[in-house]
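What follows is each chain in one-letter form.
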Amino acid sequence: MENIGNYREKIQQKLITKFPGLSNWIYLTALAIYTLAMSLKGTMLVNFLITERGLFYLSAFPAALVLFKVTFLDDYDLKEYIIFILLEIILFAVGTSANEFQIFYLMFFIVGAKNINIDRILKVFLGINLFVIALAFFFSTVGSVKNVIITRGDSPAVRYALGAVYPTDLASRVFFMMIAYAALKRFKFSVAEYVSYIALTLLTYIVTDTRIDLILMCVLIISIICYGWFDTALKHLNVYVLSLLSTAYAFCIILLGYLYTSRIGLLEKINSFLSGRLFFEKLAFENYNVPLLGQFIYQNGFGGGFKVYDYFYIDSSFVRTLMMHGMIVFALMLLLICLLFAKFKRLKLNYWIICLLLVVLTSGIDQHLWDISYNFVFLALMANLNRIDIVD
C-alpha cells in the first residue's frame, strides 16, 4: 500500500509541475459537459439533438476525467482515496438497484471540486443552464420539439414549459439559477439586479403558473433584501441547530406522506396545496418497503406532455432518496448537509447557509436535490470558498 501511495505521489508531482493549470481545466471542463448532459435530459431536446446513449457518454466521460483529477492531481491521502472509491462502489450498487445514477455521478464532482474556486463553478453552472434554456426555447418556439402546455383542473391558467419536459422543471431551474447568481454576488445586489429578479420571478410565474416556486423565489428575494438581518440572526444559530432543523424538516416531509389520509382535513389541505404530492408519497409507502441499499420504483409522470392514465411519481427528494436509494444513502445525505453547514459556519459565510437552507426547503417538494444541473450547493463541500472577507 505504501508503494502504491509513493507511486501516486510521484505521478502527481510530475503532472502538477509540467501542467500547473491542468487540475482546474479538467474539473471545469468535466463539470460543463456533465451539467450540459443533465440540463439536456430535462428538456424535449433528447432524441432530437442527442440520444439517451449520447447522454450516457456525456455523463461517464466527465466522471472519468474527474476520477483522474482526484487520483493524480488532488492531495487526498491514500486512506481518503480508498474511502472515496468504496463510497462510489456503494453508490453504484445503489444506483443499479434504483436504476438511477445521479448520486453516483454527483459524488465524483463533490470530491473532485477540491481546490477549485467556487466562483468558476458558479459561472459554468449559470452559463450552461442559460445556454440550454435558450436552446430549448428556440427549438420549441420554431416547432422542432414539443412545447409542453399544461392546464390545471381548478384554474384557467395555461402553463408553458418552453422546451423543458414540464413547466415546474423550468420554474425550478430558474429558481436554482437565481440562487447561484445570488451566491456569486454574495447577496449584494444593485437596484437594477433587484428589479431584474422581481421581473424574472413574475415572468416565470406567468409562463409556468408554478405557485411553490413563486413562493421560493419571493423568499430568496426577501433574503437578499434583508440579508443584513438574516446575517445577524444566523450568527446566533450554531451548526447543531441548523442541522437539527434541516433533519426535522426532512423527517416532517416524510411523515406527512406516510401519515396522509384524506379524512384528516389539515393533511388534505396540505396535499391540495402541494398538487397531490402527499397522496402519491402515501402510495409509495403502501406499495414499497424502505430499503437499506436502494430499490427500483416504477414511476410514470406527466413529463413530456404525454397522456398518462396511471400517473405515479414521487416528487419530494427526501422521500425519493429514502424509498429509492435506501436508508444508508439517506443518512449520508443528512451527513452531507451537516458537513456543509459546518463548513459555512467555520468560514462565516452566512449567505451560503441561506443557499443551503433554500435547497433543503425546496427538496421537500421537488426531485432535483441530486441533479447537478439544478443543485450546485453540494459542490461547495470541497470547493475553495476563500474570499477577502473570510476569517480563518
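This is a predicted model, so every value here is computed, not measured.

Its location among the elements puts Leu340 in helix H14 (residues 317-346). Classification of Leu340 by relative accessible area gives buried; the value is 0%. Residues Leu340 and Leu356 lie 16 residues apart in sequence; the distance between their C-alpha atoms is 8.1 Å.

Turning our eyes to something else, we now look at the nonpolar core. In this structure, Tyr27, Phe109, Ile121, Leu220, Trp352 and Phe378 are the most contacted members of the largest nonpolar core, which totals 130 residues. Here the element with the most residues in this core is H14; it accounts for 14 residues.

Quick look at the pattern of salt bridges now. Applying the stated rule across the entire model yields six salt bridges. The partner of Lys114 in a salt bridge is Asp75, and the shortest N-O contact between them spans 2.9 Å. With a gap of 39 residues between them, Lys114 in the loop between helix H5 (102-112) and helix H6 (118-141) and Asp75 in the loop between helix H3 (52-72) and helix H4 (78-98) connect regions that are remote in the sequence. Among the residues examined, Lys114 registers a relative accessible area of 15% and is labelled buried. Across the pair Asp119 and Arg186 runs a salt bridge whose closest N-O atoms are separated by 3.5 Å.

Looking now at unusual backbone geometry. The phi torsion at Ser275 lies on the positive side, around 55°, for a residue other than glycine. Its location among the elements puts Ser275 in the loop between helix H12 (265-273) and helix H13 (277-287). By relative accessible area, which is 42% here, Ser275 ends up partly exposed. Phi angles above zero are rare outside glycine, and Lys348 is one such case at about 60°. Residue position: Lys348 is located in the loop between H14 and helix H15 (350-363). On the basis of relative accessible area, Lys348 is assigned to the exposed category, the value being 56%.

Before going further, it helps to spend a moment on the side chain of Thr321. Mapped onto the elements of the fold, Thr321 is located in helix H14. Overall, Thr321 belongs to the buried group, its relative accessible area being 0%. Setting aside residues no more than four positions away along its own chain, Thr321 makes contact with Gly326, Val329, Phe330, Met333 and Trp370.

A word on H13. Residues that lie three or four places apart on an α-helix share one face, since the helix turns once every 3.6 residues. Within the span of H13, buried status applies to Arg277, Leu278, Phe280, Glu281, Ala284 and Phe285. Buried residues of H13 fall within an arc of 165° about the axis and therefore sit on the same side. Pointing more than 90 degrees away from the buried face of H13 are the exposed residues Glu286 and Asn287. Looking at the buried positions of H13, the neighbouring elements they touch are helix H9 (211-225), helix H11 (239-259), H12 and H14.

What follows covers the packing of H9 against H15. As a packed pair, H9 and H15 sit with axes 11 Å apart at the nearest point and diverge in direction by 165°. Of the possible angle classes, the one that applies to H9 and H15 is roughly antiparallel. Judged by the twist between their axes, the crossing of H9 over H15 is right-handed. Residues Leu216, Val219, Leu220 and Ser223 of H9 form the contact with H15, whose own contacting residues are Ile354, Leu358, Leu361 and Thr362.

Before going further, it helps to spend a moment on the packing of helix H10 (residues 227-234) against H15. At a closest axis distance of 9 Å, the pairing of H10 and H15 adopts a crossing angle of 90°. In terms of orientation, H10 lies roughly perpendicular with respect to H15. Contacts between H10 and H15 involve Tyr227, Phe230, Asp231 and Leu234 on the former and, on the latter, Asn350, Tyr351, Ile353, Ile354 and Leu357. Its residues assigned to classes, the contact of H10 with H15 shows seven nonpolar, one polar and one charged.

Moving on to a nonpolar patch on the surface. Together, Ile90, Val290, Leu292, Leu293, Met327, Ile328, Leu332, Leu335 and Leu339 give the surface a local cluster of nonpolar side chains, amounting to about 700 Å² of exposed area. When residues in the nonpolar patch are grouped by element, the largest group, five residues, is from H14. If you trace the backbone, Met327 turns up in helix H14.

Scoring rules and cut-offs
Residue positions are given per chain, counted from 1 along the sequence in the order it is written. For a predicted model such as this one, the threshold for reporting local features is a pLDDT of at least 70, and the threshold for listing and counting side-chain atom pairs is 80 or more; totals across whole chains, interfaces and linings nevertheless cover every residue. Side-chain calculation: all heavy atoms of the structure are included, whereas hydrogens and water are not. Secondary structure counts use DSSP, requiring at least four H or I residues in a row for a helix and at least two E residues in a row for a strand, with both numbered from the N terminus. Only protein chains enter the area calculation, which uses a 1.4 Å probe; residues under 20% of their type maximum are buried, those over 50% are exposed, and those in between are partly exposed. We call a set of buried Ala, Val, Leu, Ile, Met, Phe, Trp, Tyr and Cys residues a nonpolar core when their side-chain atoms join them within 4.5 Å. Any carboxyl oxygen of Asp or Glu that lies within 4 Å of a side-chain nitrogen of Lys or Arg is treated as forming a salt bridge with it. Whether two residues are in contact is decided by their heavy atoms, any of which lying within 4.5 Å being enough. Arc definition: directions from the helix axis to the C-beta atoms. The axes used here are C-alpha line fits, helices contributing only the stretch in contact, and every angle between their N-to-C directions lies in the interval 0 to 180 degrees. Roughly parallel refers to an angle under 35 degrees, roughly antiparallel to one over 145, roughly perpendicular to one between 65 and 115, and oblique to any angle outside these ranges. By definition, turning the near helix anticlockwise from the far helix through less than a right angle yields a left-handed crossing, and turning it clockwise yields a right-handed one. Under the convention adopted here, Pro, Cys and the residues Ala, Val, Leu, Ile, Met, Phe, Trp and Tyr are nonpolar, Asp, Glu, Lys and Arg are charged, and Gly plus all remaining residues are polar. Surface patches are defined over residues having more than 30% relative accessible area and no salt bridge, joining like charges when they lie within 9 Å and nonpolar side chains (Val, Leu, Ile, Met, Phe, Trp, Tyr) when within 5 Å. Residue burial considers only the protein chains on display, and all accessible areas are found by Shrake-Rupley using a 1.4 Å probe.

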